[in-house]
Amino acid sequence: MEARSGPLFSRRSLLLSTAALLISTSSRSTARTIAGALPWEPNGGNPPVAAKLGPWEFFSVDEGRAMEALADRIIPPDAQTPGGKDAGSAVFVDRQLAGGYGAQEGHYVRPPFIKGMKNQGAQSEGGPRKEYRDGLAALDKACKAREGGKSFADLTDDRKDAVLKNIEDGKLELEGVDGKSFFALAIKDVQTGFLADPIYGGNRDMAAWKMIGYPGARYNYLDWVGRHNEPYPLPPVSMIGRAEWTTNNSGAR
Amino acid sequence: MDYEQFGSPVMARILPKKDVVIIGLGWTGSVMANELTDEGLDVIAIERGPWRDAPTDFPPSQMQDELRYRIRHELFLRPDQLTFTLRNKLDQQALPMRDWGAFMPPNGVGGGGVHWNAEMWRFLPSDFVLKTHLTQRYGADFLPADMTIQDWGITYDELEPYYDRFEYLCGTSGTAGNLRGQIMEGGNPFEGPRSRDYPTKAQAQPFSHTLFAKAARELGYKPFPQPSGNLSTAYTNPLGLRMGPCTYCGFCEWFGCSNYSKASPQTTILPVLVRKDNFTARDNSEVVKINTDRSGKHATGVTFVDSSGEAWEQPADLVILSAFSMFNAQLMLHSGIGQPYDPKTGEGRIGRNFTHQTISSVNGFFDKTKFNFNPFIGSGSIGMCIDEFNGDNFDHGPLGFVGGGYVGQVQTGARPIESALTPPGTPKWGAAWKTAIKDNYLSTVKPGTGVHGSFYAYRDIYLDLDPLYKDRFGRPLMRMTIDIKDNEAKQNRYLTDKFADIIKAMGATSLAKTYRTAPYDATTYQTTHLNGGVIMGADPKTSAVNRYLQSWDVSNLFVLGASAFPQNAGYNPTLTVGALAYWAADAIRNQYLKKPGPLVDA
């Protein structure tokens, strides 16, 4: 993570935020008449907005602790690869909840909200922000009631796993929350953050991509399409480059 | 804002009249605009979404972003702008699709052509005369009682020159299987005769795709490369536009191509079209109504709303409705053109014979010490397929169903969020999950839409306006009533089992096999091949448009797209959609403009 607090990362963040500002006021989202030539604008692009370092943006301190503990049980650390917490999955979920995903951006949120069949899709008025807020609180509450007053993050790994397994199996019900579907959501989001581009705060230093052998944000395999059953030799690269591309660090991967 | 007021002279400001107004600047709108501007007509295209192009919207520095484009759907229509409600049966409460799942409709210039895979399949000759063909071969009683399949009113031979035109526009890479009646080694022996070879040779195939072909061949099938709009080599199309060879980056399906290698309106038409003096486009402007005169039989133009909420009326002599298929049906209903379909009586034109695709897949897990697939190497329409089980290429008599599809290893890459898979029985989280994705990512075959089956039409599968839910303008949403019928479930089980046999023969140590079953599920992706609702045909009682895609009700209105399909075949729809657009354009240029009015007597 240190690499990204260096000058390159800061400059890029600045550029990205400037670009985002320009986009919101440019003509890209407003109606235009186009005739005579393709509508080109210099720097008219729409680059991704990087997750910022720093404190939680959505979670409270307690929620953040619970989320990190959850991330580390969904993806436990091992000798070769960090767990969900150190890989940044909780940060990823936090930034996603603070952003468009949490706000149900682009979703149809008009009433009425009627409970339907599962195959008709989610009909949730509160969206992911409410599901996490309620779910993490209910998880801590259930643990305190059953595990000697301890919150989820303070349990041993074995007890954490036992609690989660019981929620998954429907044996432990969380108060006021569908525990099973909350845990399924957390699994999905933590694993998504682990495998997404590091620009969004998870998959730190491309830990997950190195682990599975995915070469990342590359764009040309012409030389490799015909080379069958040979290991691809190049290391992964992300949209924010690779640690050794920055000038202010040791170059270690 | 009250949509009922749109179109009233008080609300909408009136723009200068054009010869032609085109609703939607995707594939069919672009084809039609280019043809009609060549005819010298003054054409305006009105597009609901933004202008999109590679340098601004999908440059190579940012397109490899699975989270943004695939998971969060950035290039697609967003449901808050417009969505659908869904129910499986007539007596159910339909609920809105609040986020996309089963399909993801396009938005913006280029339409679905921006983020499609570019599979370039022709339908079989028998697909166009389906009802007649199946009835003759198996008898009318063989078909389910509620099945409402129809002939198209056009034959394969009539459409062949237009298939050829769209293939050459796109630079299609493939291996011919039937050249003017002669069966060619290495191609699809079941395809209809083609008048000439593909414009470019087939794409190179990665390891797993090649291995699938080998296993299929050993089982006695005739595998061939999937015809592809991702090009194997550089190509200059008939409009003089140049495309580059595909780099197999694996970000094609649901992504825009940064490399000018995927056929799209942007790469094959728009740079030429936009330079013409007699063409204008409006983006971020949504057509809310096709206006008609008092007789209701003549369109006077359209009303659209721009991004500031202002309504405009665009008068025109000829209206081309070329939005995505379901939006065509929706705009017809909102405009009061054509009698809405009623599933109880079976009468009415708009909304009938709504169909999708019947998709399933089989994932294969291989020994990682022997197989390294580098699965991230791919293209949108890469793949080796077999067609033995498509359409009526096999005897359905003993099987008790009709229809079929191609099956193949058509894996488009291995974006890790969706492609870090685990073998059946693996826990969904924890150390075992982590170890399993590590051990399997490089040695898993994940074909995606590996079983690509037909979806035939039924009396109670249709589109109409929802009585409860409204869009941002206060217009009723379109309601889908759709389910997986026994015929399609049987078809899918048969094909999936055949497909699994081939994956197993490739050497897989374990298989994850998923059948498509009822109820129709809004939450799992199945393709965005939604069809029907404004279907073509020879009989005005059971179709909305004639064989030239001209409205039976309003003769200066043509409705393009997969909305015209009377039912869906076991192939991807776009090549047929493109061919029909050229076919309709030809009819307008050579028949309609000489004598405006109905091209077929009702």
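With respect to the overall build of chain A
Point 1. Of the regular secondary structure elements, chain A holds 7 helices and 1 strand.
Point 2. Going from the N terminus to the C terminus, chain A shows its helices and strands as α-β-α-α-α-α-α-α.
Point 3. Out of the 253 residues in chain A, the part that is buried amounts to 38%.
Point 4. When contacts within chain A are restricted to residue pairs at least 6 apart in sequence, those whose partners lie at least 24 apart make up 59%.

Overview of the interface of chain B and chain A
Point 1. Counting residues at the interface gives 71 residues for chain B, matched by 62 residues for chain A.
Point 2. The set of elements that each furnish at least two residues to the side of chain B that touches chain A consists of α2 (54-57), α3 (66-71), β5 (95-96), α6 (207-218), β11 (279-283), α10 (416-419), α11 (431-440) and β21 (462-470) of chain B.
Point 3. The greatest single-element share of the side of chain B that touches chain A, amounting to 5 residues, is contributed by β11 of chain B.
Point 4. Across the side of chain B that touches chain A, the residue classes break down as 35 nonpolar, 17 polar and 19 charged.
Point 5. Relative to β11 of chain B, strand β1 (residues 32-34) of chain A runs antiparallel, the two being bridged by 3 bridges. The residue of β11 of chain B that forms the bridge with Ile-34 of chain A is Ala-281 of chain B.

Here's the deal with the domain arrangement of chain B
Residues and elements named next belong to chain B.
Point 1. Along its sequence, chain B is organised into domain 1 (1-77 + 105-169 + 262-352 + 456-482 + 530-602) and domain 2 (174-226 + 358-453 + 491-519).
Point 2. The gap between the C-alpha centroids of domain 1 and domain 2 is 31 Å.
Point 3. The interface of domain 1 with domain 2 comprises 30 residues on the first partner and 28 residues on the second.
Point 4. For the side of domain 1 that touches domain 2, the secondary-structure elements that each account for two or more residues are α3, α4 (130-138) and α5 (156-170).
Point 5. Classifying every residue of the side of domain 1 that touches domain 2 gives 16 nonpolar, 4 polar and 10 charged.

Considerations on the pairing of strand β13 (residues 299-305) of chain B
Residue and element names in this part refer to chain B.
Point 1. Burial analysis of β13 places 6 of its 7 residues in the buried class, which makes it a mostly covered element.
Point 2. Pairing between strand β12 (residues 286-292) and β13: 6 bridges, direction antiparallel. In the strand pairing of β13, Lys-289 is matched with Thr-303.
Point 3. What sits between the antiparallel neighbours β12 and β13 is a turn of 6 residues, in which Gly-296 has the positive phi angle 75°.
Point 4. Sheet analysis places β13 next to strand β14 (residues 311-321), joined by 5 bridges and oriented antiparallel. If you follow Phe-304 over to β14, its bridge partner there is Trp-312.
Point 5. Linking two consecutive strands that pair antiparallel, namely β13 and β14, is a turn of 5 residues; a positive phi of about 90° is found at Gly-309 within it.

Regarding the packing of helix α3 (residues 89-98) of chain A against helix α6 (residues 179-195) of chain A
Residues and elements named next belong to chain A.
Point 1. Viewed as axis vectors pointing N to C, α3 and α6 meet at an angle of 110°, and their least axial separation amounts to 8 Å. Taken together, α3 and α6 sit at an angle that is classed as roughly perpendicular. Counted together, Ser-89, Phe-92, Val-93 and Gln-96 of α3 and Asp-189, Val-190, Gly-193 and Phe-194 of α6 form the full contact between these two elements.

Some details on the pairing of β21 of chain B
All names here are of chain B.
Point 1. In terms of strand pairing, β21 meets strand β22 (residues 476-481) through 5 bridges, oriented antiparallel. Bridged to Tyr-462 within β22 is Thr-481.
Point 2. Hairpin connection from β21 to β22: 5 residues lie between these consecutive antiparallel strands, with Gly-474 at a positive phi of about 85°.

Digging into helix α1 (residues 27-38) of chain B
Residue and element names in this part refer to chain B.
Point 1. Under the 1.5 Å per step criterion, the end-to-end length of α1 is 17 Å for 12 residues, consistent within 8% with the ideal 16 Å.
Point 2. Those residues of α1 that sit buried are Trp-27, Thr-28, Gly-29, Ser-30, Val-31, Met-32, Ala-33, Asn-34 and Leu-36.
Point 3. One or two residues past the end of α1 sits Gly-40, with phi positive at roughly 95°.

Observations concerning the sheet that holds β5 of chain B
Point 1. Taken together, 4 strands build an open sheet; the order of strands is β5-β4-β22-β21 (chain B) and the sheet is mixed. Every other strand in the sheet has two partners, leaving β5 and β21 of chain B as the edge strands with one partner each.

So, the packing of α5 of chain B against helix α13 (residues 574-592) of chain B
All names here are of chain B.
Point 1. One can describe the packing of α5 onto α13 by two numbers: an axis separation of 8 Å at closest approach and a directional angle of 110°. Between α5 and α13, the angle falls in the class roughly perpendicular. Considering how the two elements wind past one another, α5 and α13 form a crossing that is right-handed. Contact with α5, carried on its side by Leu-159, Tyr-162, Tyr-163, Arg-165 and Phe-166, involves Leu-575, Gly-578, Ala-579, Tyr-582 and Trp-583 of α13 and no other residues of that element.

A closer look at the confidence of the model for chain B
Residues and elements named next belong to chain B.
Point 1. Within chain B, residue pLDDT values average 96, and 98% of them lie at 70 or more.
Point 2. The model gives residues 1-10 a pLDDT under 50, and that stretch makes 20 contacts with residues more than four places away or in other chains.
Point 3. Across the interfaces of the predicted complex, the ipTM metric reaches 0.95, alongside a pTM of 0.94.

Calculation notes
- Residues numbered from 1 in each chain as written.
- Chains lettered and ligands numbered in written order.
- Predicted model: local features only at pLDDT ≥ 70, side-chain atom pairs only at ≥ 80, totals over all residues.
- Helix = DSSP H or I, 4+ residues; strand = E, 2+ residues; numbered from the N terminus.
- Buried ≥ 20, exposed ≤ 12 C-beta atoms within 10 Å, placed from the backbone.
- Contact = placed C-beta atoms within 7 Å.
- Nonpolar A, V, L, I, M, F, W, Y, C, P; charged D, E, K, R; others polar.
- Pairing = 2+ DSSP bridges.
- Domains from an automatic or database assignment.
- Axes fitted to C-alpha atoms, helices over the stretch in contact; angles between N-to-C directions.
- Parallel < 35°, antiparallel > 145°, perpendicular 65-115°, else oblique.
- Expected span 1.5 Å × (residues − 1).
- Left-handed = near helix turned anticlockwise from the far one by under 90°.
- pLDDT = per-residue confidence, 0-100.

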